[in-house]
Every structure is written in C-alpha cells, then in structure tokens.
Amino acid sequence: MKAAIERAFRERFGTDPEHVVRSPGRVNLIGEHTDYNDGYVLPVAIDRAIWLALRPRRDGRVRLHSLDEPDPVDFSIDAFGPSGEGWAEYVKGMTRALLDSGRKLVGWEGVLASGIPIGAGLSSSAALEMAVAAAFAAVSGFAFEADAMARLGQVAENDWVGARTGIMDPMIVAQGRAGHALWIDCRSLERAAVPLPRGVAILVMDTGTRHDHASSGYNDRRAACERAAGRLGVSHLRDLSSKDFETRAGMLAATDRRRARHVVHENERVLAMLDAMRGGDVEAMGRLMDESHESLARDFEVTNRALDAMVRIVRSRPGCRGARMTGGGFGGCAIALVDAARAEAIGEEVRDAWEAAMGGRPEVFVTRASKGTSLV
Ligand code: ADP
Ligand code: MG
C-alpha cells in the first residue's frame, strides 16, 4: 500500500510526498452502543487502513484527493464553512476541531487510498479523521497525541458532521496495538491492552449492505438511551447493574426498555469477555459474542436481514466459536471468532454458503490486530 500511495502522489504532484500516514479501521469484539452510554468497549484496530501521502503548502490551503471520490476537498484554513453532505465534512470538521483546540495549522496537499470499506461498520470515518489529524501534526509541528486527537475526532463527527457517535472509534483507531484488543472504560478513559488468545482468529464478513450514521437510526438509539437513563434517575445507563435495571425496568416505555436492556447487559458482557480473554476461555468468548448479537437484533434492533443471515451462516461452520455484527449496525460487517487453523477455510465456506442462499460473493477476510494511526 505504501508504494501504491506514493506512486499516486507522484502522478498527481510530480514529486515524492514528504509524509505518508497510515490510519487503520477497526472491529469491535464486543460492547456495541455502549460508548455513548459511558460504558465499556473492546475494539481492535485492523490491518485495513487509509493511507495518505502529503506535502505541506505555504498558502494555508488544504487540498486532498481520495481515490474513492470524484471531487477533491479544497479549502482555506482561515475561512471555510460546511459544503454539504460529502466526505469534505470529515476533513473540515477535523480541521475546525484542531483550530478550536488552539493548535496553529499549516496547509497541505495530498492523496489518500483506502482498504476500509465505507459505511460498513469498520470505522472508515474515524480512520479518515485520525489520518487528517496526523497529516496536520506532521506539517504543523505538533505531536499526534492519541488521546487528544481521538477526542477531537469525536468533536468533529458530533459537531460538524452531525453524527452523535461515541469515543470508541477514534480512540481505537488512534491507539490500536498489534496483536491486542483495547478495553476502554468510556467514562474514565481507563484502558487495558489485552492480547488475543492464541489459536483463534477474527474473520470479517461484509454483507455488502450499508448504513449512514449521519442519518436518523443511530441518533434515535442514542436519544432512547438518554431518555431511559433520565427516567431511571442515572446520568448514563452505565450506572446500572443488570439487577438494578431489571427491578426498575417497569418504569420505562416498552421500546426504551428494550434499548436500555441491551446496553446494561452488553456492558456486563464486555467485562465477562475481558475475563474470558485473559483466561484464554475461547468458548466463553464465542458465547458472549453470540449473546451480544441476539441482544442487538432483538432488543436494540440495529441488525438487518443480511447481518442476521451472515451470523447464522458462519455459526454453522465447524471451528466457529461465535459471531456478531460489529460497529453501529443497520448494515455492514459481521465478525466471527474462529479457530485459526480453519480461518481461511471457513472464509471460503461462508462465501459459498452466502452465494447459495443470498446470491453474490461477499468479501470475507481474516484480520489481524494492528497498530493505530502513525507516520510510516
Ligand atoms: P463507517 O465509519 O462505518 O465506515 P461512516 O458513515 O461513519 O461509516 O463514515 C463513512 C464516511 O467517511 C463516508 O461517507 C465518507 O464521507 C468518509 N470516508 C470514509 N472513507 C473514505 C475514503 N476512502 N475517501 C473519502 N471519504 C471517505
Ligand atoms: Mg463511522
């Protein structure tokens, strides 16, 4: 990928780039829709990434091409506003967040290529935000501090793009660690890197269906969680154990009750998953992933037919320990925990079974835990 993005830069700008940034996507092993409830998550940065080659500009402009988009992003750091709904908003939003944090920014121009499917739940948006932050850091001479950059990524997505997403995505993208998942307490931001147990692998299966987080579904779920927390007298659903919740759940309207039930139990599943990972209990890990999916399908209602079908298909394969949708839902990818020795074979079996049942061959790949956004 590095050679390819350098070549793309040379074709467009006639020189070598001064910097190349790599910014990965992520899968979340468990803890879905818990981050904005101040809860726990357990994501992994993956070996699919956005690659951005760039050089500084002296005129205070940002000009960025994406090989996935017909139109470049082009604006002046001193004076820019929103321009609609396209990918420019992520770049501008990140720029605005960095400026508002007091950082002095130098302009730059570049080109990006991505191996992360867009809108598929693998967080191409946070990968883009963190790539832009790292580009500014490289040319402007400030440090890419992962925590600070992640928070500004969330600000960009919330305030400029208008998707009320949580801290998980920019956090894991900015500070993933090879071979490890990252447990994060989204309230205190306490975290722990946990190695993936030996002998298992993560399979990513793209249903080909897509979500749009800037539209209503995601923000609706968040509003339901906030309503439920308010009604139950806590600041966030994170503050309730499943026992507390079940005794008081009767106070909630039926739909909000199911939404809140998912979040409260999902938080406990993350802690159970952490124990299972540390103990190398692969069976428990798989079971928790299965339970998470059922809860997201039945109570939180953010799966779709394709995600449910994909999970069903992979679970029927020998060597699959558990499977669930990953990311915000409403389409995109599922993941499975599979025996490493069977991982590629299971991938092929899933493609075949999907083709027979649903038509078309889905993209399915084994992924590895990789490091977070960095210059290469
Ligand atoms: P996800 O983060 O699950 O992939 P989002 O809807 O949160 O989906 O973010 C996707 C958006 O991020 C795209 O609509 C686009 O604006 C931007 N984006 C992601 N990857 C690229 C890319 N390679 N080139 C240009 N824009 C991208
Ligand atoms: Mg996103």
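Positions within a chain are numbered from 1, following the residues in the order the chain's sequence is written. Ligands are numbered from 1 and chains lettered from A, in the order in which they are written. Local features in this predicted model are restricted to residues whose pLDDT is 70 or higher, and side-chain atom pairs enter the listing and the counts only when it is 80 or higher, whereas totals over whole chains, interfaces and linings include all residues. Side-chain metrics rest on all non-hydrogen atoms present in the structure, leaving aside hydrogens and water.

Thoughts on helix α9 (residues 282-298)
- Under the 1.5 Å per step criterion, the end-to-end length of α9 is 25 Å for 17 residues, consistent within 8% with the ideal 24 Å.
- Of all the residues in α9, the buried ones are V282, A284, M285, G286, L288, M289, S292, H293, S295 and L296.
- When checking whether two residues touch, look at their non-hydrogen atoms; a contact exists if any pair is within 4.5 Å. Counting from the N terminus, the helices are DSSP H or I runs at least four residues long and the strands are E runs at least two residues long. Buried positions along α9 lie against β9 (200-206), α8 (254-278), α10 (305-315), β10 (320-325) and β11 (333-339). One fewer than the residue count of a helix, multiplied by 1.5 Å, yields its expected span. Whether a residue is buried, partly exposed or exposed follows from its accessible area with a 1.4 Å probe, protein chains only, as a fraction of its type maximum: under 20%, in between, or over 50%, in that order.

Focus: the domain arrangement of the protein chain
- According to the domain assignment, the protein chain contains domain 1 (2-192) and domain 2 (195-367).
- One C-alpha centre belongs to domain 1, the other to domain 2, and the line joining them spans 25 Å.
- Together domain 1 and domain 2 conceal approximately 3800 Å² of surface at their shared face, both sides included; 59% is due to carbon and sulfur atoms.
- Should a side-chain nitrogen of Lys or Arg be within 4 Å of a carboxyl oxygen of Asp or Glu, the pair is scored as a salt bridge. Viewed at the interface, domain 2 and domain 1 are joined by five salt bridges.
- As used in this structure description, the phrase polar contact means that two N or O atoms lie within 3.5 Å; if the pair is within protein, one of them must be able to donate a hydrogen and the other to accept it, and residues adjacent in sequence are counted only when both atoms belong to side chains. Taken together, the links from domain 1 to domain 2 amount to 26 residue pairs in polar contact (both at pLDDT 80 or more).
- Residue classes follow a fixed rule: Ala, Val, Leu, Ile, Met, Phe, Trp, Tyr, Cys and Pro count as nonpolar, while Asp, Glu, Lys and Arg count as charged, and any other residue, Gly among them, counts as polar. Considering only residue class, the side of domain 1 that touches domain 2 consists of 18 nonpolar, 13 polar and nine charged. What marks off one domain from the next here is an automatic or database domain assignment. By definition, the buried area sums, over both parts, the 1.4 Å-probe accessible area that each loses when the two are put together.

Looking at the site of ligand 1
- Whether a residue is near a molecule or strand depends on its heavy atoms: if one lies within 4 Å, it is near. Near ligand 1 there are 20 residues, and of these S66, D68, G119, S124 and H211 occur at the shortest range.
- With respect to ligand 1, the side chain of D68 contributes an N or O atom lying 2.8 Å from a nitrogen atom.
- Here the Shrake-Rupley method, with its probe set to 1.4 Å, supplies the accessible areas, and only the displayed protein chains count as covering residues. Computed on the free molecule, ligand 1 has an accessible area of 560 Å², of which 91% lies beneath the protein chains in the complex.
- Residue contributions to the shell around ligand 1 peak at three residues, all from helix α3 (residues 124-140).
- Its residues placed into classes, the shell around ligand 1 shows eight nonpolar, nine polar and three charged.

So, the sheet that holds strand β5 (residues 73-76)
- Any two strands with at least two DSSP bridges between them are considered paired. Within the open sheet, the six strands sit side by side as β5-β4-β6-β3-β1-β13. Their pairing is mixed. A strand with exactly one partner marks an edge of an open sheet, and here the two such strands are β5 and β13 (374-375).
- Sheet topology places strand β4 (residues 61-66) next to strand β6 (residues 107-114); five bridges connect them, and they run parallel. Within the sheet, the bridge partner assigned to R63 lies in β6 and is E109.
- Axis geometry follows a simple rule: fit a line to the C-alpha atoms, using only the stretch in contact for helices, then measure angles between N-to-C directions, giving values from 0 to 180 degrees. The strands touched by helix α2 (residues 88-100) within the sheet are β4 and β5, with β5 carrying the most contacts at an inclination of about 30 degrees.
- Running at roughly 130 degrees to strand β1 (residues 19-28), helix α5 (residues 168-175) makes contact with β1 and β3 (43-57) of the sheet.

Observations concerning the side chain of T207
- Positionally, T207 belongs in the loop between β9 and α6 (216-231).
- Among the polar contacts made by the side chain of T207, one reaches the side chain of T209 at a distance of 2.7 Å.
- Within the local environment of T207, its side chain forms a polar contact with the backbone oxygen of G332, the two atoms lying 2.6 Å apart.
- In contact with T207, not counting residues within four places along its chain, are A306, L307, M310, G332 and W354.

Describing the pairing of β10
- The buried fraction of β10 amounts to five of the six residues, a majority that puts the element mostly inside the structure.
- Inspection of the sheet shows β10 paired to β11 by five bridges, in the antiparallel sense. Looking at the pairing, C320 lines up with V338 of β11.

Re the pattern of salt bridges
- Within the structure shown, the criterion is met by 34 salt bridges.
- Notably, a salt bridge pairs D74 with R61, separated by 3.1 Å at the nearest N-O pair. Pair noted here: D74 is in strand β5 and R61 is in strand β4, with a separation of 13 residues, a long-range link.
- On the basis of relative accessibility, which here comes to 33%, the residue D74 falls in the partly exposed class.
- For R61, a relative accessible area of 28% gives the class partly exposed.

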